[in-house]
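# Descriptive analysis of the structure
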Amino acid sequence: MNEKAAFGTKAIHAGQEPDPTTGAIMTPIYQTSTYVQERPGKHKGYAYARGKNPTRSALENCIAALENAQHGLCFSSGQGASDAIIKMLRPGDEVIATNDLYGGSYRMFTKIFEPFGIKFNFVNMYDASNIKNYINANTKMLWVETPTNPTMQIIDIKACAEIAKASSLILVVDNTFASPYLQNPLALGADIVMHSVTKYLGGHSDVVMGAICTNNKEYYDQLAFIHNSCGATPGPMDSFLVLRGIKTLHVRMDRHCSNGKAIAAYLRAHPKVDKVYWPGFPDHPNHDIAKAQMKDFGGMISFTLKGASVEETFDMASRVKVFSLAESLGGVESLLNHPATMTHASIPKEEREKVGVTDTLIRLSVGIEDIHDLIADLEQAIG
Ligand SMILES: *Cc1c(COP(=O)(O)O)cnc(C)c1O
């Protein structure tokens, strides 16, 4: 495939060749743990499947192509990928992370890595220059999530990259919410991009997986070493499912975006709806940055109901019929989530509330069903 192929062509073909033995157009599921060697050490690049598996290699090359990256690694979950990135650091090192962060990242940073002596500063990055106030001689990494989960803050990746470069920090961007179709952080100056592949890349709510892409060979070598040494590697069946899922990523994302736009407008006009968080609104505080660094605004929206109690919010959340009340996001089916008790339950209440994750906030992952059915469902649920 031509290196310069456009996104939709890469989504379908990158990293994949017809199977050399049969011509099968789909990459086989190499369900094997080991590979036979001719003489000790003489093999075709595959020795043991924790280190390498051909189905996984095809997927790693495909995801890397979508991020315009030289190198890709797939992990058994998004958390496995983040874990490997933090393991590049040493006791005494400090990380500056976005304050509105995926709950599982916050939990891993504070409960797993802080006891090993790595310090995390959770910082409001709405104005990226605020990051500078937290940099000291021990700071090694800048961890950015944008759009943020669940309050849809937009963080200026280019500005973060300039700050990171000036202080020799590794800039990591969790690109899960945007997917490589809407945003390519490496092109904006990030050093490492991380994905929960479970979400838009997989796209069908049937796989848990993570990925890392980078153009920095030194970081790649470190990460590949951690990947093989610590072993959070995905199996071939899951790799196959994601290769298949990615073939429609661009088509799915277009629909997620158009459905998201329609629902954001519907919610904002609804007399019973109070706040609506969606980066596509022209009065969103960082709308211009979203426009500059994203291709479109995605299908993630959060909102609150006017004057509703927690009980009333729960009643509404329990009435949906086309949406499903569930954790996760990015699948073809629409999901409704209550962050305070579900995805963000691991963040202390006072920390959550500082960034707007109140007990009455509802998050939607708008799927690709017919928009009329989605709006009718919200209409009957909100009442
Ligand atoms: C889900 C998610 C993760 C964690 O990924 P898993 O695949 O669930 O381990 C990390 N970051 C963001 C933004 C997520 O939504």
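Thresholds, definitions, all that
Residues numbered from 1 in each chain as written. Predicted model: local features only at pLDDT ≥ 70, side-chain atom pairs only at ≥ 80, totals over all residues. Heavy atoms only, no water. Buried < 20%, exposed > 50% of the residue type's maximum accessible area, 1.4 Å probe, protein only. Helix = DSSP H or I, 4+ residues; strand = E, 2+ residues; numbered from the N terminus. Arc of directions from axis to C-beta. Contact = heavy atoms within 4.5 Å. Polar contact = N/O pair within 3.5 Å; in protein donor to acceptor, adjacent residues only side chain to side chain. Axes fitted to C-alpha atoms, helices over the stretch in contact; angles between N-to-C directions. Parallel < 35°, antiparallel > 145°, perpendicular 65-115°, else oblique. Left-handed = near helix turned anticlockwise from the far one by under 90°. Nonpolar A, V, L, I, M, F, W, Y, C, P; charged D, E, K, R; others polar. Domains from an automatic or database assignment. Buried area = accessible area lost by both parts, 1.4 Å probe. Salt bridge = Lys/Arg side-chain N within 4 Å of Asp/Glu carboxyl O.

To continue, consider helix α5 (residues 157–166). The set of residues buried in α5 consists of I157, C160, A161, I163 and A164. Buried residues of α5, seen end-on, are gathered within an arc of 165° and therefore sit on one face of the element. The exposed set on the far side of α5, more than 90 degrees from its buried face, consists of K158, E162, K165 and A166. Taken together, the buried residues of α5 touch β4 (139–145), β5 (170–174) and α10 (287–293). Sitting at the head of α5, D156 places a side-chain oxygen 3.2 Å from the backbone nitrogen of K158. One or two steps after α5, the chain reaches S168, where phi turns positive at roughly 50°.

Running from amino to carboxyl end, helix α9 (residues 249–269) crosses helix α13 (residues 371–382) at an angle of 30°, the nearest separation of the two axes being 10 Å. By the criterion of interaxial angle, the relationship of α9 to α13 is roughly parallel. When the axes of α9 and α13 are compared, the crossing they make is right-handed. Side by side, α9 and α13 meet where N259, A262, I263, Y266 and L267 of the first sit next to I371, L374, I375, L378, E379 and I382 of the second. When the residues that make up the contact of α9 with α13 are grouped by side-chain class, the tally is nine nonpolar, one polar and one charged.

Turning to the domain arrangement of the protein, a few remarks are in order. Segmentation of the protein into domains returns domain 1 (7–246) and domain 2 (249–382). One C-alpha centre belongs to domain 1, the other to domain 2; they are set 25 Å apart. Taken together, the contacts link 44 residues of domain 1 with 43 residues of domain 2. Here domain 1 and domain 2 share an interface that buries about 3400 Å² over both sides, 64% of which is from carbon and sulfur atoms. Broken down residue by residue, the surface that domain 1 buries against domain 2 is led by Y181, L182 and Y200, which jointly contribute 23%. Counting the contacts that link domain 1 with domain 2 gives zero salt bridges. For the pair domain 1 and domain 2, the number of links is 17 residue pairs in polar contact (both at pLDDT 80 or more). When contributions to the side of domain 1 that touches domain 2 are tallied by element, the ones reaching two or more residues are α1 (7–13), α4 (103–113), α5, α6 (179–182) and α8 (236–246). Residues belonging to the side of domain 1 that touches domain 2 are distributed by class as follows: 23 nonpolar, 16 polar and five charged.

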